[in-house]
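# Close look at the chain arrangement
Chain residues, written in single-letter form:
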Amino acid sequence: MNETDAIRQRHSVRQYKPDRIEDDKVALIKAKIHELNAEGNLHLQFIEDADKTYNKLFNKVAGLGSAPSVIACVGKDTPGLDQRVGYYGEKLVLYAQTLGLNTCWTGTFNRKNITADISEGERLVISIAIGYGKEPGKAHKSKSIDKLTESKGQTPEWFNKGVEMALLAPTAINQQKFLIKLNPDESVEFIDKGGVLSQVDIGIVKCHFEIGSGKLQRTE
Ligand SMILES: Cc1cc2nc3c(=O)[nH]c(=O)nc-3n(C[C@H](O)[C@H](O)[C@H](O)COP(=O)(O)O)c2cc1C
């Protein structure tokens, strides 16, 4: 399964089977995290036992309490951290999808209970629930291309492919508060229209756009 297939197959999953993730897959996830942390200057952590991370009422209602494991998205608290977490975290989410696992980005969780290692100067941005879903999830409703993009005249094929993948990106409460702007010099801008965790969303959207368009959008 390539990354485009993973994008098409990925949906947020909130109901999990009790099965733990097998050791060989845990090793692959940890190796991927090691690679992404080095590339993105992050401190993402795989926590095998999610334990009471998802015991908030909102989590219980959604079903997230069933998630066996969790990824803590931690990094040095510098400007741009949220966007980097979104960009590299989504690479991990898509990798997990290729391993047959399901995930859900989760902004609402019990920060006191997650057993993440947060050093001085670091910040825990968000968590990602991970495990084997009871079902694969379903496609989210999306705003139209017109509402999410801005361009003049005919748009190039690479841009259209990038936008197609960006529309499939998960965003907090499915808000899709972003605008992808194609400039006359063919540079691309990602405009944050605000909202909860919208900089994490922008990082995720950049990751998807890059996969679709083949043009690097890495965040610094
Ligand atoms: C930054 C971010 C925060 C999120 N927080 C939560 C959350 O706290 N609880 C939850 O159930 N889903 C959460 N989600 C999942 C979104 O609701 C979901 O991605 C969106 O509805 C689109 O659906 P999809 O992921 O199936 O495409 C979050 C997603 C993102 C990107």
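From a predicted model like this one, the values you see are computed outputs, not experimental measurements.

Definitions and limits used
- Residues numbered from 1 in each chain as written.
- Predicted model: local features only at pLDDT ≥ 70, side-chain atom pairs only at ≥ 80, totals over all residues.
- Heavy atoms only, no water.
- Pairing = 2+ DSSP bridges.
- Helix = DSSP H or I, 4+ residues; strand = E, 2+ residues; numbered from the N terminus.
- Axes fitted to C-alpha atoms, helices over the stretch in contact; angles between N-to-C directions.
- Contact = heavy atoms within 4.5 Å.
- 1 Å grid on protein atoms, 1.4 Å probe; cavity = no way out; pocket = protein on both sides within 12 Å on 5 of 7 lines; lining within 4 Å.
- Points joined across faces, edges and corners; volume = space filled by probe spheres on them.
- Domains from an automatic or database assignment.
- Core = buried A, V, L, I, M, F, W, Y, C linked by side-chain atoms within 4.5 Å.
- Buried < 20%, exposed > 50% of the residue type's maximum accessible area, 1.4 Å probe, protein only.
- Arc of directions from axis to C-beta.
- Phe/Tyr/Trp six-rings, centres within 6.5 Å; stacked < 30°, edge-to-face > 60°.
- Lys NZ or Arg CZ within 6 Å of the ring centre and 35° of its normal.
- Parallel < 35°, antiparallel > 145°, perpendicular 65-115°, else oblique.
- Left-handed = near helix turned anticlockwise from the far one by under 90°.
- Nonpolar A, V, L, I, M, F, W, Y, C, P; charged D, E, K, R; others polar.

### Remarks on the sheet that holds strand β1 (residues 45-47)
- Taken in spatial order, the four strands of this open sheet run β1-β2-β4-β3, and their pairing is antiparallel. Edge strands, defined here as strands with exactly one partner in the open sheet, are β1 and β3 (102-106). Ignoring which end each strand starts from, the neighbouring axes of this sheet average 25 degrees apart.
- As defined by bridge partners, strand β2 (residues 69-76) adjoins strand β4 (residues 122-131) across eight bridges and the pair is classed as antiparallel. Paired with A72 across the bridge in β4 is S127.
- Against the sheet, helix α4 (residues 81-98) engages β2, β3 and β4, with an angle of about 20 degrees to β4.

### Notes on the layout of surface pockets
- Estimated volume of the largest pocket: approximately 700 Å³.
- Considering the residues around the largest pocket, the lining is formed by 27 residues, among which S12, R14, W105, T171 and I173 are closest to the centre.
- For the lining of the largest pocket, the elements supplying multiple residues, two or more each, are α3 (57-62), β3 and α7 (198-213).
- No fewer than three residues from each of domain 1 (3-131) and domain 2 (145-213) sit in the lining of the largest pocket.

### Let's talk about the nonpolar core
- Formed by 48 residues in total, the largest nonpolar core has its most connected members in I29, W105 and I180.
- Split by domain, this core shows at least three residues from each of two domains, domain 1 (3-131) and domain 2 (145-213).
- Discounting chain neighbours no more than four positions away, the residues touching I180 are L148, T149, E150, F159, A166, V188, E189, F190, V205 and F209.
- By size, the runner-up hydrophobic cluster in this structure holds 16 residues, among which are V70, C104, I114 and A116.

### So, the sheet that holds strand β7 (residues 188-192)
- Strand order in this open sheet of three strands is β5-β6-β7, and the pairing throughout is mixed. Only two strands of the sheet have a single neighbouring strand rather than two, namely β5 (149-150) and β7.
- In terms of strand pairing, β5 meets strand β6 (residues 178-182) through two bridges, oriented parallel. Bridged to E150 within β6 is K181.

### Re helix α6 (residues 157-166)
- By the burial criterion, the buried members of α6 are W158, F159, G162, V163, M165 and A166. Burial along α6 is one-sided: seen end-on, the buried residues are contained in an arc of 160 degrees.

### What about the packing of aromatic side chains?
- By the definition in use, this model includes five aromatic pairs.
- Note on W158 and F209: the rings are 6.5 Å apart at their centroids and 85 degrees apart in plane angle, and the pair reads as edge-to-face. Remark: F209 occurs in helix α7 and W158 occurs in helix α6; sequence separation between them is 51 residues. Judged on exposure class, the residue W158 and its partner F209 are both buried.
- A centroid spacing of 5.8 Å and a plane angle of 65 degrees characterise the contact between F159 and F209, whose relative ring orientation is edge-to-face. Of the two residues, F159 is situated in helix α6 and F209 in helix α7; the sequence distance between them amounts to 50 residues.
- The class for F159 is buried, based on a relative accessible area of 2%.
- By way of ring pairs, the aromatic residues W158, F159, F190 and F209 are connected into one cluster.
- A cation sits over an aromatic face here: K215 above W158, 4.5 Å from the ring centre.

### What to know about the packing of α6 against α7
- Where α6 meets α7, the closest approach of the two axes is 7 Å, and the angle between their N-to-C directions is 140 degrees. Taken as axis vectors, α6 and α7 run oblique relative to one another. α7 is crossed by α6, and the crossing has right-handed handedness. Of the residues in α7, those touching α6 at W158, F159, K161, G162, V163, M165 and A166 are V205, H208, F209, G212 and S213.
- Among the residues making up the contact of α6 with α7, the classes are represented as seven nonpolar, four polar and one charged.

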